[in-house]
Amino acid sequence: MQLRFIFLTAALLLATPVFADESTNRSLMTLGGEMLRSAEALQAESVTAIRHGNSLRKTLNQLRVKLRSLPEGEGRAALGETIDLFAGEIPRWQQQAASLRERGLSERQRALALLETGYREIWQPHIRLSGPLQLDGSDSLTSGHNARIRSVHPSKLNMNVVPGDGAAPADMSLAVPAASGQNIPGELDLRSFQISRELAVFAHVEPETGNSRVPLNEIHSWKLMLSRLDGEPLGDAEIEIEGHMPGHVHGLPTQPRVTGEVEPGVYRVQGVKFQMTGWWVMTFKVSAGPLDDAVTFNIRL
């Protein structure tokens, strides 16, 4: 019943022609937060169903072992019926777990869409970048660790590169260097709008460059915008920054820091630098009063 109410309310809000009213956008974010928690509950139910199915399978295996050791006529028929009942229950729990997981994922996506829609309207004056963070196209392609490409062994060409990214430029004999591929997950979430680990903070990040793109081998600054799930700016937060390349097992070449809160909830991050292309992960650990949370961004440069 509660979910039906949330969906109906969300549908009415989305049908509103113009989101000119900030209270409407705050309501969108609040609904998104409630749906997100419902999605998490569905995921938890899915895990419980999986565990129950696994427990049944373990018991079933024990019963089958016992059946094989029983002499003829000593309850074998009754035990066989019990085994059949257990065997019939396992697929039912597996199907239930799969259904709950699918519903949870679908509801999570709808919740994130509501949160982002409301957030974009409320924070519109500060937002220049709507898509994922991207590399400044004017930068030349480099291989790992500041080394210019001079040669790559033929066996390394296109190694671990995502399909579609390995097309060789017409004027080069080399494709994308192997170091930039690094087994990047195919369904990597690259959005610059993210929910925090504890589902308490919604955040957006973007470079403070002329074109809002990420320069390579250049120290630059970012804007980090933090909001509670009702759209209220999260001010006076203590923020720690961690960045690394999962495929290369090394961190950033610099130590970026938050140097100021230019407006409530809008933080300037200075000292950011990426020395190579590939998959980077940036995590902002946020604490404000009792709130202790973290928000992570995947970046594919």
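As shown above, the structure is provided for reference.
Residues numbered from 1 in each chain as written. Predicted model: local features only at pLDDT ≥ 70, side-chain atom pairs only at ≥ 80, totals over all residues. Heavy atoms only, no water.

S.K.: Quick question: what am I supposed to make of the overall build of the protein chain here?
M.R.: A count of helices and strands for the protein chain gives four helices and nine strands. In the protein chain, the succession of α and β elements from N to C terminus is α-α-α-α-β-β-β-β-β-β-β-β-β. For the protein chain, the residues scored as buried account for 42% of the 301 residues in total. Considering only intrachain contacts with a sequence separation of at least 6, the fraction spanning at least 24 residues in the protein chain is 69%. If you sum the accessible surface of the protein chain, you get close to 16,300 Å²; carbon and sulfur atoms cover 51% of it. (Helix = DSSP H or I, 4+ residues; strand = E, 2+ residues; numbered from the N terminus. Buried < 20%, exposed > 50% of the residue type's maximum accessible area, 1.4 Å probe, protein only. Contact = heavy atoms within 4.5 Å. Areas by Shrake-Rupley, 256 points an atom, 1.4 Å probe, with all protein chains shown as cover.)

S.K.: Please explain the side chain of Ser227 as it appears in this structure.
M.R.: Mapped onto the elements, Ser227 comes out in strand β3 (residues 220-228). By relative accessible area, Ser227 is classed as buried at 0%. Excluding residues within four positions of it along the chain, Ser227 makes contact with Met29, Tyr119, Trp123, Ala200, Val201, Phe202, Glu232, Pro233 and Leu234.

S.K.: What am I meant to see in unusual backbone geometry here?
M.R.: For residues other than glycine, phi is negative in most cases, and the peptide bonds are mostly trans. With a phi close to 60°, Asn217 is a non-glycine residue in the positive phi region. Here Asn217 is to be found in the loop between β2 (201-207) and β3. Unusually for a residue other than glycine, Asp236 sits at a positive phi of about 55°. Mapped onto the elements of the fold, Asp236 is located in the loop between β3 and β4 (238-245). Residue Asp236 is classed as exposed on the basis of its relative accessible area of 70%.

S.K.: Sorry if this is basic, but what is going on with the packing of helix α2 (residues 22-69) against helix α3 (residues 76-122) here?
M.R.: The angle between the axes and the distance between the axes are what describe a pair of packed helices. Relative to each other, α2 and α3 sit at 165°, their axes nearing to 6 Å. Classed by the angle they form, the pair α2 and α3 counts as roughly antiparallel. For the pair α2 and α3, the crossing hand works out as left-handed. The class makeup of the residues in the contact of α2 with α3 is 28 nonpolar, 14 polar and 15 charged. (Axes fitted to C-alpha atoms, helices over the stretch in contact; angles between N-to-C directions. Parallel < 35°, antiparallel > 145°, perpendicular 65-115°, else oblique. Left-handed = near helix turned anticlockwise from the far one by under 90°. Nonpolar A, V, L, I, M, F, W, Y, C, P; charged D, E, K, R; others polar.)

S.K.: Help me out: how do you make sense of the sheet that holds strand β1 (residues 193-195) in this one?
M.R.: Strand pairing in a sheet takes place through backbone hydrogen bonds and is either antiparallel or parallel in direction. Taken in spatial order, the five strands line up as β1-β2-β3-β7-β6 in an open sheet, and their pairing is antiparallel. The open sheet has two edge strands with one neighbour each: β1 and β6 (257-263). Neighbouring strand axes in the sheet, compared pairwise and without regard to direction, differ in orientation by 25° on average. Contacts between α3 and the sheet are confined to β1, β2 and β3, with β1 contributing the most and set at about 125° to the helix. (Pairing = 2+ DSSP bridges.)

S.K.: Please explain a negative patch on the surface as it appears in this structure.
M.R.: Taken together, the side chains of Asp236, Glu238, Glu240 and Glu261 present a region of like negative charge at the surface. With respect to the helices and strands, Glu238 occurs in strand β4. With a relative accessible area of 57%, Glu238 lands in the exposed category. (Patch = residues over 30% accessible without salt bridge, like charges linked within 9 Å, V, L, I, M, F, W, Y side chains within 5 Å. Salt bridge = Lys/Arg side-chain N within 4 Å of Asp/Glu carboxyl O. Lys, Arg positive; Asp, Glu negative; His and termini not counted. Charge placed at Lys NZ, Arg CZ, Asp CG, Glu CD.)

S.K.: It is not clear to me how the packing of aromatic side chains should be interpreted in this structure. Could you clarify?
M.R.: Two measures describe an aromatic ring pair: the distance that separates the ring centres and the angle between the ring planes. A full pass over the atoms with the stated rule returns six aromatic pairs. Judged by centre distance (5.9 Å) and plane angle (80°), the rings of Tyr119 and Phe193 are edge-to-face. Here the residue Tyr119 occupies a position in helix α3, and Phe193 occupies one in strand β1, the gap between them amounting to 74 residues. Each member of the pair Tyr119 and Phe193 is classed as buried. Judged by centre distance (6.0 Å) and plane angle (80°), the ring pair of Phe284 and Phe297 falls under edge-to-face. Of this pair, Phe284 sits in strand β8 (residues 279-288) while Phe297 sits in strand β9 (residues 291-300), placing them 13 residues apart in sequence. Each member of the pair, Phe284 as well as Phe297, carries the same accessibility label: buried. (Phe/Tyr/Trp six-rings, centres within 6.5 Å; stacked < 30°, edge-to-face > 60°.)

S.K.: Would you explain the environment of Gly104 in this entry?
M.R.: Its place among the elements puts Gly104 in helix α3. The exposure class assigned to Gly104 is buried, which follows from its relative accessible area of 1%. Gly104 sits 66 residues away from Ser38 along the chain, and the two C-alpha atoms are 7.7 Å apart. In contact with Gly104, not counting residues within four places along its chain, are Ala39, Leu42 and Gln43.

S.K.: Explain the sheet that holds β8 to me, please; I cannot follow it from the model alone.
M.R.: Pairing within the open sheet is antiparallel, and its four strands lie in the order β5-β4-β8-β9. What marks the edges here is a single partner per strand, and that holds for β5 (250-251) and β9.

S.K.: Looking at this structure, I do not really get the pattern of salt bridges. What am I missing?
M.R.: Charged atoms that come close allow side chains of opposite charge to pair. For the structure on display, the rule yields nine salt bridges. A salt bridge links Glu22 to Arg26; the nearest nitrogen and oxygen atoms lie 2.8 Å apart. Linking Glu22 with Arg26, this pair stays in helix α2, spanning four residues, or about one helical turn. Judged by its relative accessible area of 40%, Glu22 falls in the partly exposed class.

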